[in-house]
Amino acid sequence: MFETTASKNSHVIRFAGDSGDGIQLQGQQFTVASAMSGHDLATLPDFPAEIRAPTGTRYGVSAFQIQFGGDHITTPGDTPDVLIAFNPAALVVNLANLSPQTLVIVDANAFTDQRIKRADLTSNPLTDGTMDAYQVVDINITDLTVEAVKPHGLGTKDAGRCKNFWALGLILWMFDQSRSQTQNWIQDKFANNEKIREANLAALNAGNAYAENTEFPQVLKQPTTLQASLAAVEYRTITGAESLALGLVAAGELADTQLMFCSYPITPASSLLHHLVGLEDAGVATYQAEDEIAAICAAIGSSYAGKLGVTSSSGPGVALKTEALGLAVATELPLVLVNSQRAGPSTGMPTKTEQSDLYQAVYGRNGDTPLPVVAARSPADCFDTAIEAVRIAVRHMTPVILLTDGYIANASELWPIPDISGYPEILTTKPKADAEQGVFERDPATFARLWAAPGNPRFIHRVGGIEKDASTGNISYDADNHQAMTDIRTSKVASVAQFIPDQTIEQGVSGGVAVVAWGSTFGSISRAVKECLDEGLQVGHVHIRHILPFPENLGQLLAGFDHILVPELNTGQLATLLRDKLNLNLTQYNKVTGQPLIVSEVKTAIAKLAPKRAQAVGDSRE
Amino acid sequence: MSNLSFKDFATDQEVRWCPGCGDYSILKGVQRALADGGSEPENTVFVSGIGCSSRMPYYLNTYGFHTIHGRAPGFATGVKLANPELEVWVVTGDGDGLSIGGNHLLHTLRRNINLNILLFNNEIYGLTKGQYSPTSRPGTHSPTSPQGSVEAALQPGQFAIGAGATFFARCVDIDQKTMPGLFNEAKTHNGTSFVEILQNCIVYNKDVFDDIAAKKTAAEAQIHVRHGEPLIYGKDRTRGLRLNPQTIALEPVVIGQDGISLDDILVHDETNPTLALLLANLQGPTAMGVLLRREQPAFETSYWGIRPSQRRQKVEQLLRTGNLLDRRN
């Protein structure tokens, strides 16, 4: 076997092919393999909205990028070290992101005249000089796959579909990763279909053997990847949608409350519903309503009846839920609304990520209708953010919006499994047996009223969307009462700040530039700030989970910086909120391409503002 | 079983409908039904949307939720799913339930969740001052149709039966004699019960049902259907309905004329949706009572039949599913 002695902190691989080629599966399997061999990682699934787009087209290309390796892998990487392209379209759409000399593996069988034409090319990029700057390995992957699975009696078409596992076998060899998790997955997934099972296993093994026995192993074999220095705990890989689902059921357990998850399918939020369907033993029941409005209404009805209602959608669906959200504010009922943001406006780009629903969450309702807003920063962070959202909702008797996005929902990271026994119990305002409190008597610290569900003769009451008397809950059009109720609603949301942790600086130093951000840009900014610090720039990273209200010390913390840089995947929505709430002078960096921020662009934006530090201070990361 | 009178179901809130509104009578009918049927205030929830009818929960001494326009079935579904032990009523109107909320009503009926839906049909938007509604008859003059409306009218019964309803009944607002009993039929039905109440909006659509509801003509204009009994009506009970097989339509006939005898009269079968549809659409006479009642599992029973209602697994275990990398010593 060919051995290599060199080593590298991390590698970036990009898998690309048709949306029906099984690219996402290939990426997920590689993700598990690299995690189980002790690597830190971050992934970027990047696929079209079409389920099976016409084959060979540029817009039908599905891609999956992973960066894996040593410590602190927070992004899927700016540029791939290795690209594997299953057809001409998958090759050409990714060329712009490649550095010269990048290793490109292609399925040579796919470069037929017809498919070259399908990719809107006039000549074969493998022979017309397009690839001169790169290191190309062309392999007849389809032919070799068909050959390898022949003994298992599949038709040519089905046989060819095993090529994702053939290529995965090859790539696992290139990076010295184990096949065993993928083998187990295939055994499990196709337990009842021997033909497909054996064919996929044969393809995986054949791709692996091909690499082992090829005449150019020095080209394929990659430098050893450094391992992450991991803590003495258990780890798993987790996507944002899985993590959010687990966080919600964990919160239900901590609050000793059953959850009703009422939702309607929408990309990219549906994966949360799918994961929760599988968790119904853990105190959540899922309900697929007839539309977005009915979904939130059922969630609010559930909360009224004493189970915690949770609903979920993406921007267009959240727009439909808005009126009901106002009712939840008016009736002071707990609710969590998860928004998996996507590129807008309107239908926009459903599978592409964006952070452009912050205005909608913070400002987007009729009337003075404030509610708390929290945002998750990474796949794993969805777990804690979900718990935090539930905690706020039941502590203050209010709907809470949790913002995540398509990138976080689908991306994976390596997750140290938390010790759930260390999480504090979530207290609700459900009436105690001996409570004297009336339904509309509010806790002076949280402004929460009693969560008194039907079934109890002591608390028979009516609620509704018409302004209510502050103390009896009855309809009231009284002028002073409306002022009082508006003040209560405002104070309630403001009171959340008394219960949340102070804002901290994630890494870096004060004095120079504060990079202030929220949500899924965390990984790229974290990496960019680290590199800028290493290069001696005076920069600190402040990442905000609590969007509304802000932590109380945020203004004071930011006053310690000369410049504030706010990078966002929108046209400046957090920037507006910072100006609104804290009257800050700041510099925006905005991008709306449907893609996450890359590290280099954040570094460039920082470098424009950041002074050199007087003297190097060591790595100040926590 | 509680021993309450209808007065025990009233609240201290001043009722704010227009003097002479049909809603007063319906409120009384509901309070009577609750008392007669042994409803428990603490285990009863009234959910409403927006409109004149939807104010009703404030006047009922039960749990109540006055929600948003057209969406009451959505909230009520959440309440019932979260706690199937509760007796859940929905109060809605022709605009609330059939215009802005038509979609929710359709799917609620299709699912057959055990809610009792009272739809007050006055063929007009009352609370917004008299615009034509989806049940307004063509030619209805209103602020938004000064030349007369040009839209076809929706028949609530046809809508409900088409959506797959398992219970449809109809009554007139002033009919205190049958209303409480009918509401209790709705309550005891296991599934979505849909009751259309012809309600007189005294301000914007006064006496629109006079030809049906007026005392002096009611006996000839209404047919009160009973399961297993011949479809006969009229002051002297000589009128009846027979099926014309050529037109597949119900035909009013007079027993004793043209050789018609009681044997020619159709017998009401409330389990037959086709007959219910013919009765629901019949004009002259207008059918009252339980037009349709058929057995089908209630949604909440099926829903909880396939999933646990209690927490059976700790999150601790769920966190450790899939491939694990164990770095503990």
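These numbers come from a predicted model, not from an experiment.

## Points about the overall build of chain A
Secondary structure assignment for chain A yields 21 helices and 23 strands. Here the C-alpha radius of gyration of chain A, 26 Å, is about what a compact globule of 622 residues would show, namely 25 Å. Burial statistics for chain A: of 622 residues in total, 63% are counted as buried. Partitioning the intrachain contacts of chain A with sequence separation of at least 6 by distance along the chain shows that 76% fall at a separation of at least 24. With an accessible surface of roughly 22,400 Å², chain A has 49% of that area assigned to carbon and sulfur atoms. Side chains of chain A give 45 positive and 66 negative charges; the mean places of these two sets differ by 3 Å.

## Some words on the overall build of chain B
Along its length, chain B carries 11 helices and 12 strands. Taken over the C-alpha atoms alone, chain B extends approximately 100 × 45 × 45 Å along its principal axes. Counting only residues that meet the buried cut, chain B has 56% of its 329 residues in that class. Approximately 14,000 Å² of chain B is accessible, and the part contributed by carbon and sulfur atoms is 51%. Each charge sign in chain B was given a centre, from 31 positive and 33 negative side chains, and these centres are 8 Å apart.

## Some details on the pairing of strand β13 (residues 335-341) of chain A
Walk down a regular strand and you will see the side chains alternate between the two sheet faces. All names here are of chain A. Most of β13 is tucked away, with seven of its seven residues classed as buried. Taking every second residue as pointing to the same face, both faces of β13 are buried, with Leu335, Leu337, Asn339 and Gln341 on one and Val336, Val338 and Ser340 on the other. Pairing of strand β12 (residues 308-313) with β13 involves five bridges; the strand directions are parallel. For Val310, the partnering residue across the bridge sits in β13 and is Val336. At this point the chain moves from β12, through helix α13 (residues 315-331), to the parallel β13, and the crossover so formed is right-handed. Across seven bridges, the pairing between β13 and strand β15 (residues 399-405) is parallel. Its bridge partner being in β15, Asn339 is matched across the sheet by Leu403.

## Observations regarding the packing of aromatic side chains
For any pair of aromatic rings, the description rests on two quantities: the centre-to-centre distance and the angle between the ring planes. Evaluated as defined, the whole model comprises 20 aromatic pairs over all chains. For the ring pair A:Trp185 and A:Phe190, a centre distance of 6.2 Å and an interplane angle of 90° mean the geometry is edge-to-face. Classification of A:Trp185 by relative accessible area gives partly exposed; the value is 26%. Arranged with centres 4.8 Å apart and planes meeting at 40°, the rings of A:Tyr304 and B:Phe65 form a pair that is tilted. In this pair, A:Tyr304 is assigned in helix α12 (residues 292-304) and B:Phe65 in strand β2 (residues 63-66), connecting two distinct chains. Look at A:Tyr304 and you get buried, because its relative accessible area is 1%. With a relative accessible area of 0%, B:Phe65 lands in the buried category. One aromatic cluster is present, built from ring pairs that chain together A:Phe15, A:Phe30, A:Phe64, A:Phe68 and A:Phe175. In this structure, A:Lys430 packs its charged tip against the face of A:Trp451, placed 5.0 Å from the ring centre.

## Remarks on the sheet that holds strand β21 (residues 546-548) of chain A
Residues and elements named next belong to chain A. Taken in spatial order, the seven strands line up as β11-β10-β12-β13-β15-β14-β21 in an open sheet, and their pairing is mixed. Every other strand in the sheet has two partners, leaving β11 (284-288) and β21 as the edge strands with one partner each. Strand-to-strand, the axes of this sheet are offset by a mean angle of 25°, without reference to chain direction.

## Looking at the domain arrangement of chain A
It is common to give the size of an interface as the accessible area lost on bringing the parts into contact. Residue and element names in this part refer to chain A. In terms of domains, chain A is made up of domain 1 (10-212), domain 2 (236-422) and domain 3 (507-607). In this structure, domain 2 and domain 3 have C-alpha centres spaced 25 Å apart. Tallying the contact residues gives 28 residues for domain 2 and 24 residues for domain 3. On the domain 2 side of the interface with domain 3, the three residues burying the most area are Gln355, Leu358 and Arg377, jointly 31% of the side's total. At the junction of domain 2 with domain 3, the criterion picks out one salt bridge. When the shortest N-O distance is used, the salt bridge between Arg545 and Asp381 registers 2.6 Å.

## So, the confidence of the model for chain B
In this model, chain B carries an average pLDDT of 96, and 99% of its residues clear a pLDDT of 70 or more. Predicted complex, confidence summary: ipTM 0.97, pTM 0.96.

## What about the packing of helix α6 (residues 163-174) of chain A against helix α8 (residues 194-213) of chain A?
Residues and elements named next belong to chain A. Put simply, α6 and α8 touch, their axes get as near as 6 Å, and they point 40° apart. As summarised for this structure, α6 and α8 are arranged oblique, according to the angle between their axes. Note on packing geometry: the crossing formed by α6 with α8 is right-handed. Judged by residue contacts, Phe165, Trp166, Leu168, Gly169, Leu170, Leu172 and Trp173 of α6 engage Asn200, Ala203, Leu204, Ala206, Gly207, Asn208, Tyr210, Ala211 and Glu212 from α8. Here the residues of the contact of α6 with α8 sort into 11 nonpolar, four polar and one charged.

## Focus on the pairing of β11(A)
Residues and elements named next belong to chain A. The element β11 is extensively covered by neighbouring structure, given that four of its five residues are classed as buried. Both strand β10 (residues 259-263) and β11 contribute to a ladder of five bridges, which runs parallel. Directly across from Leu259, in β11, lies its bridge partner Val284. Considered for its hand, the β-α-β crossover made up of β10, helix α11 (residues 270-277) and β11 is right-handed.

## Section: the environment of A:Thr142
As for its placement among the helices and strands, A:Thr142 is situated in helix α4 (residues 141-149). Those residues within four positions of A:Thr142 in sequence are excluded, and the remaining contacts are A:Asp107, A:Asn109 and A:Lys163.

What counts and what doesn't
- Residues numbered from 1 in each chain as written.
- Chains lettered and ligands numbered in written order.
- Predicted model: local features only at pLDDT ≥ 70, side-chain atom pairs only at ≥ 80, totals over all residues.
- Heavy atoms only, no water.
- Helix = DSSP H or I, 4+ residues; strand = E, 2+ residues; numbered from the N terminus.
- Rg over C-alpha atoms; globule rule 2.2 N^0.38 Å.
- Buried < 20%, exposed > 50% of the residue type's maximum accessible area, 1.4 Å probe, protein only.
- Contact = heavy atoms within 4.5 Å.
- Areas by Shrake-Rupley, 256 points an atom, 1.4 Å probe, with all protein chains shown as cover.
- Lys, Arg positive; Asp, Glu negative; His and termini not counted.
- Charge placed at Lys NZ, Arg CZ, Asp CG, Glu CD.
- Pairing = 2+ DSSP bridges.
- Right-handed = clockwise from strand over helix to strand, strands pointing away.
- Phe/Tyr/Trp six-rings, centres within 6.5 Å; stacked < 30°, edge-to-face > 60°.
- Lys NZ or Arg CZ within 6 Å of the ring centre and 35° of its normal.
- Axes fitted to C-alpha atoms, helices over the stretch in contact; angles between N-to-C directions.
- Domains from an automatic or database assignment.
- Buried area = accessible area lost by both parts, 1.4 Å probe.
- Salt bridge = Lys/Arg side-chain N within 4 Å of Asp/Glu carboxyl O.
- pLDDT = per-residue confidence, 0-100.
- Parallel < 35°, antiparallel > 145°, perpendicular 65-115°, else oblique.
- Left-handed = near helix turned anticlockwise from the far one by under 90°.
- Nonpolar A, V, L, I, M, F, W, Y, C, P; charged D, E, K, R; others polar.

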